[in-house]
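Geometric and topological summary
Chain by chain, the residues run as shown.
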Amino acid sequence: MRSVWAVAAALFAATAWGRVELRWTEAPALPGIGVLLPFAGVSNGRVLLAGGSNFPDRPPAEGGKRHLCDEIYALDPSAADPAWTLVGRLASPAGQGGSATVPAGVVCVGGLDAGGQPTGKSFLLSWQDGRTVIRPLPDLPAAAKEPAVAAHGSVAYVASGDRVWRLDTADGSSGWQELDRLPEAIAGAKAAVQNVPFQRTALFVFGDRVGYALTVAPAAERGWRRVELPLKVPAAAPLAVG
């Protein structure tokens, strides 16, 4: 799986800046059986991982029942012997959402609620003074299971189906603002924000083989541009470089 992540990151980096080499090191394993699609990001030197789901009794192919998690784990990557530590719990179990890191913490959006129903809830998870802090954010205008989430500075972007929203986490009073709709709904979409030529920054939303780009800085532009990926990248995890 880590090799797939490297390919996805290199695709966007190569488009804008040429060859980029990434070096990966293996992080400690989570306690227990692990989790699927948790919220994850970085805050004040700690890697935070919250919620997610797993199948503790039997695999889903054998009729296993999904279990939504509420645990929050933290990892100090600078420690001599890094290890995941249970540091808190969400207000209720949640998983299958999306997340991205902003200066104030980790924006966590959508997914499944404790009842297993798609939700548009969002919140900011951060590490402050040795503990986790959760601050509510405005709800998305629509429920979003497994949304694509990316960030540029304090602004978070969320794509779900063919809809895309932005929220400035430094001042969330205006709520989520909808951007131009994607030309098509992208199942299992991923998102990244990447610097591109001519001192611009673009939001990329992509699927297995095709994606779209929208300029978001220095000023937002109208209209998505189609981006053809040179190879198929199913279930890739994007990482913007440069």
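What counts, and where the lines are drawn
As a convention, each chain's residues are numbered from 1 in the sequence order in which they are written. Where local features are concerned, this predicted model is filtered to residues with pLDDT of at least 70; where side-chain atom pairs are given and counted, the filter is 80 or more; whole-chain, interface and lining totals use all residues. Side-chain measures here rest on the full set of heavy atoms in the structure, leaving out hydrogens and waters. Strands were regarded as paired on the criterion that DSSP finds at least two bridges between them. For the purposes of this entry, the term helix denotes a DSSP run of H or I that reaches at least four residues, the term strand denotes a run of E that reaches at least two, and both are numbered from the N terminus. Under this scheme, a helix contributes an axis fitted over its contacting stretch, all axes are lines through C-alpha atoms, and angles between N-to-C directions fall in the 0 to 180 degree range. Only the six-membered ring of Trp is used, alongside the rings of Phe and Tyr, when aromatic pairs are assigned; centres must lie within 6.5 Å, and planes under 30 degrees apart are stacked while those over 60 apart are edge-to-face, with the rest tilted. Think of it in three bands: residues with accessible area under 20% of the maximum for their type are buried, residues over 50% are exposed, and the middle band is partly exposed, with areas taken using a 1.4 Å probe on protein chains only.

To continue, consider the sheet that holds strand E7 (residues 98-102). Spatially, the four strands line up as an open sheet ordered E7-E8-E9-E10, and their pairing is antiparallel. Where the open sheet ends on each side, the last strands, each with one partner, are E7 and strand E10 (131-137). Neighbouring strand axes in the sheet, compared pairwise and without regard to direction, differ in orientation by 25 degrees on average. As defined by bridge partners, E7 adjoins strand E8 (residues 105-109) across five bridges and the pair is classed as antiparallel. Counterpart to Gly98 in the pairing with E8 is Val109.

If you walk through the whole model with that rule in mind, you get one aromatic pair. Their ring planes at 80 degrees and their centres at 5.5 Å tell us that Phe39 and Phe123 sit as a pair that is edge-to-face. Here Phe39 is found in strand E1 (residues 39-43), whereas its partner Phe123 is found in strand E9 (residues 122-128), with 84 residues between them in sequence. A relative accessible area of 1% places Phe39 in the buried class. When its relative accessible area of 15% is taken as the criterion, Phe123 is described as buried.

Moving on to the pairing of strand E11 (residues 148-152). Inspection of the sheet shows E11 paired to strand E12 (residues 155-160) by five bridges, in the antiparallel sense. Among the inter-strand pairings, Ala151 is bridged to a residue of E12, identified as Ala156. The antiparallel pairing of E11 with E12 creates a hairpin that spans two residues between the two strands, and Gly153 there sits at a positive phi of about 60 degrees.

Attention now moves to unusual backbone geometry. Note that the residue after Ala217, namely Pro218, is joined by a cis bond; omega there is 10 degrees. Mapping Pro218 onto the fold places it in the loop between strand E17 (210-217) and strand E18 (225-228).

Further remarks concern the pairing of strand E16 (residues 200-206). By the criterion of burial, E16 is predominantly enclosed, with six of the seven residues buried. Bridging between strand E15 (residues 190-196) and E16 involves seven bridges; their strand directions are antiparallel. Bridged to Ala192 within E16 is Phe204. Between E15 and the antiparallel strand that follows it, E16, lie three residues; Phe198 among them carries a positive phi value of about 65 degrees.

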